[in-house]
Amino acid sequence: MSDDRKDSRSDEEIAELFRKLPDPGAREELAKEFLPLAEYFARRFSGRGEPVDDLTQTASLGLLNAIDRFDPERGVPFSTYAAATIVGELKRHFRDRGWALRVPRNVQETAILVNRTVSTLWQEMGRAPTVREIAASADIGEDDVLEALDALQAYTTDSLDAPTADATSTAAESIGAEDRSYEVSEEWLSLAPALRELPERERAILYLRFFEGRTQTEIADELGISQMHVSRLVSQSLEKLRQRASEG
Amino acid sequence: MTTPPEVVSAEVPATPDFVQVLRNVAAGVAARADMPIDQIEEIRLAVTEAASLLLTEALGTAIRMTIRRDDDLVDVELSSDRTTSSWRSDRIETSWAWIVVSGLTDEVQLDREGAGAPSIAFVKRRDRNPM
């Protein structure tokens, strides 16, 4: 344990507190003193699908057990003993949930990881990565990547698109301000009347993709948004059209 | 490098709920073909649109999907189990869904086998997009 913290107690004071046990006040003082150790291990075990708060609670329980069971006569520093007890408690916590310690991340966390990996690879390679490339880079299974990509498509675009610096509009929204108007022929609109009801940006993207035959990457470049965003908007607007069509 | 073609097929009830299954199967095969993810997504969308055409126009009880994965392409065929139907090619080929499938894929064909069952087949070639 770090003895260099300004407000931490000396070894002698700690030993004195242990001698006072099972006095509840002394126990509480010790728990407060070593709480940073519990928090440290809780953080070490985070990112495996369990909320940090739960882990902190579990680690704190491990700390209390350590305080109650510690035998100063053994000559082992309390911090060493407590660390082992806390880690044991955290491992049991995961085991009780039927999880191996190296649990796969949950879908949402994987989706965030995959989203980040895709952006990085895309920039590095100048093209869309393959599932295999993403899996290798993120060190997860190819099936997990596929599942995450599917989940990413389902997200609302707002949740994933970072606002621009002024935080009032995203780069995607600002395309409406551009002068180029996507003149859409009556003939084209008649193919799917619901097209008229789409937001202009989505209509523009569908027009470029299906009328002008542009690729998603070209559209992304033209509109200054990510290809992932174009892809999501295409999926989203096709879904809207399909729902509208099925409504009659 | 060439790999032998692989064929995967799936048959699902002709209801909207099962289109997701077809999408996922197609995406899995495309991933195995080392397609970039933007193309995988377009395959998902094409399957969705083709399946929705079969659901609304062919009116069968099942949809069968057969995907042939070759070295640098996937060839997807969706067909209905209904042999006689109200399937009308003129209506299909002017539909929005058809335009979407055509736009997303490299080749598209209506009733390829001519076997009597309404079908939509498309080919998506892997785009290496070298920079």
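In this text the structure is predicted, and so the values were computed from the model without any measurement.

**Some details on the pairing of strand 5 (residues 119-125) of chain B**
Residue and element names in this part refer to chain B.
Stage number 1. Strand 5 sits mainly inside the fold: six of its seven residues count as buried.
Stage number 2. Direction of pairing for strand 3 (residues 73-80) relative to strand 5: antiparallel, over a ladder of seven bridges. Its bridge partner being in strand 5, Asp-75 is matched across the sheet by Val-123.
Stage number 3. Pairing analysis gives four bridges linking strand 4 (residues 107-110) to strand 5, with the strands arranged antiparallel. Paired with Val-108 across the strands is Phe-122, a residue of strand 5.

**Some words on the pairing of strand 2 (residues 62-70) of chain B**
In regular strands, side chains alternate between the two faces of the sheet.
Residues and elements named next belong to chain B.
Stage number 1. Bridging between strand 1 (residues 6-13) and strand 2 involves eight bridges; their strand directions are antiparallel. By the bridge assignment, Pro-13 is partnered in strand 2 with Ala-62.
Stage number 2. As judged from the eight bridges shared by strand 2 and strand 3, these two strands associate in the antiparallel manner. Along strand 3, the bridge assignment pairs Ile-67 with Val-76.
Stage number 3. A loop of two residues connects strand 2 with strand 3, the two strands running antiparallel in sequence.

Reading the values: rules and limits
Residues numbered from 1 in each chain as written. Chains lettered and ligands numbered in written order. Predicted model: local features only at pLDDT ≥ 70, side-chain atom pairs only at ≥ 80, totals over all residues. Heavy atoms only, no water. Buried < 20%, exposed > 50% of the residue type's maximum accessible area, 1.4 Å probe, protein only. Helix = DSSP H or I, 4+ residues; strand = E, 2+ residues; numbered from the N terminus. Pairing = 2+ DSSP bridges.

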